[in-house]
There are 2 protein chains.
Amino acid sequence: MEAKLVVKHVLLAKFKDDVSLEKIEELIQGYANLVNYIEPMKAFQWGKDVSIENLHQGFTHIFESTFASTEGIAEYISHPKHVEFANLFLDHLDKVLIIDYKPNC
Amino acid sequence: MEAKLVVKHVLLAKFKDDVSLEKIEELIQGYANLVNYIEPMKAFQWGKDVSIENLHQGFTHIFESTFASTEGIAEYISHPKHVEFANLFLDHLDKVLIIDYKPNC
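Residues numbered from 1 in each chain as written. Chains lettered and ligands numbered in written order. Predicted model: local features only at pLDDT ≥ 70, side-chain atom pairs only at ≥ 80, totals over all residues.

S.K.: An account of the sheet that holds strand β3 (residues 61-67) of chain A is requested, with residue identities and associated values reported.
M.R.: Strand-to-strand pairing in sheets goes through backbone hydrogen bonds, with the strands running parallel or antiparallel. All names here are of chain A. Pairing is antiparallel in the open sheet, where 4 strands are placed in the order β2-β3-β1-β4. Only two strands of the sheet have a single partner each, and these edge strands are β2 (41-48) and β4 (93-101). Direction aside, the axes of adjacent strands within the sheet are offset by 15° on average. (Pairing = 2+ DSSP bridges. Helix = DSSP H or I, 4+ residues; strand = E, 2+ residues; numbered from the N terminus. Axes fitted to C-alpha atoms, helices over the stretch in contact; angles between N-to-C directions.)

S.K.: Break down the relation of the copies chain B and chain A for me, citing the residues and quoting the values.
M.R.: What relates the two chain copies is a rotation about an axis together with a slide along it. Expressed as a screw operation, the relation of chain B to chain A combines 0.0 Å of axial shift with a rotation of 180°, fitting to an RMSD of 0.0 Å. Such a turn and shift between the copies fits a two-fold axis. Scanning chain B for the C-alpha nearest the rotation axis identifies Val10(B), at a separation of 5.0 Å. Same-surface contact between copies: 100% of interface residues of chain B are shared with the interface of chain A. (Least-squares fit on C-alpha atoms with pLDDT ≥ 70 in both. Contact = placed C-beta atoms within 7 Å.)

S.K.: Account for the environment of Phe44(B), with residues named and values stated.
M.R.: With respect to the helices and strands, Phe44(B) occurs in strand β2 (residues 41-48). Through-space distance from the C-alpha of Phe44(B) to that of Phe67(B) is 9.6 Å; in sequence the pair is 23 residues apart. For Phe44(B), the residues in contact, after removing those within four places along its chain, are Cys105(A), Ala32(B), Val35(B) and Ser65(B).

S.K.: Explain the sheet that holds strand β1 (residues 7-15) of chain B to me, using residue names and the numbers behind them.
M.R.: Residue and element names in this part refer to chain B. Taken together, 4 strands build an open sheet; the order of strands is β2-β3-β1-β4 and the sheet is antiparallel. Single-partner strands in this sheet number two, and they are β2 and β4 (93-101). On average, adjacent strands in this sheet sit at an angle of 15° to one another, irrespective of strand direction. In the sheet, β1 pairs with strand β3 (residues 61-67) via 7 bridges, with the strands oriented antiparallel. Bridge pairing in β3 links Ala13 to His61.

Rendered as structure tokens:
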């Protein structure tokens, strides 16, 4: 039951080819830091694609944030710290996909 | 540290328009049931897209399975119960995207 009390915000990204590894690390750190500024954002994790099925459609990174509600995600999206970071982040991406869901087991 | 000991297997799906809600529920149940047959598959959760940013690119559902290692995912992919289910499942999808990652915080 508890799992239904959270909403996951999942972002898939493909960085542009000319973005350095250092810049990518800096952007990931900037994403992680949003937890410290945006109250409804309860947790954050990320990883690089390690899939072997070749169905990742070019996406290289995945970012998962956890919220208590869809209202929390809406508050996050419009938060000035998120807006500032998102503009910077999206400038460095070739592709982005975002899906939110309430986990059921 | 513990978070690095797992690998997440994330599948995004868009069901074909002519697939009934009953069939979708049956397929989700079939996906969930794989946990009972495939030892390396440690956990499963799923949800419907509830995002408001319109960046979900048509995907309607997300499925997340947890494994102890990338070798566990390879074992899962080639497991007869998975092959049987995947053939049935993919028949009902318009779009699929799969990405695996080791979560970092």
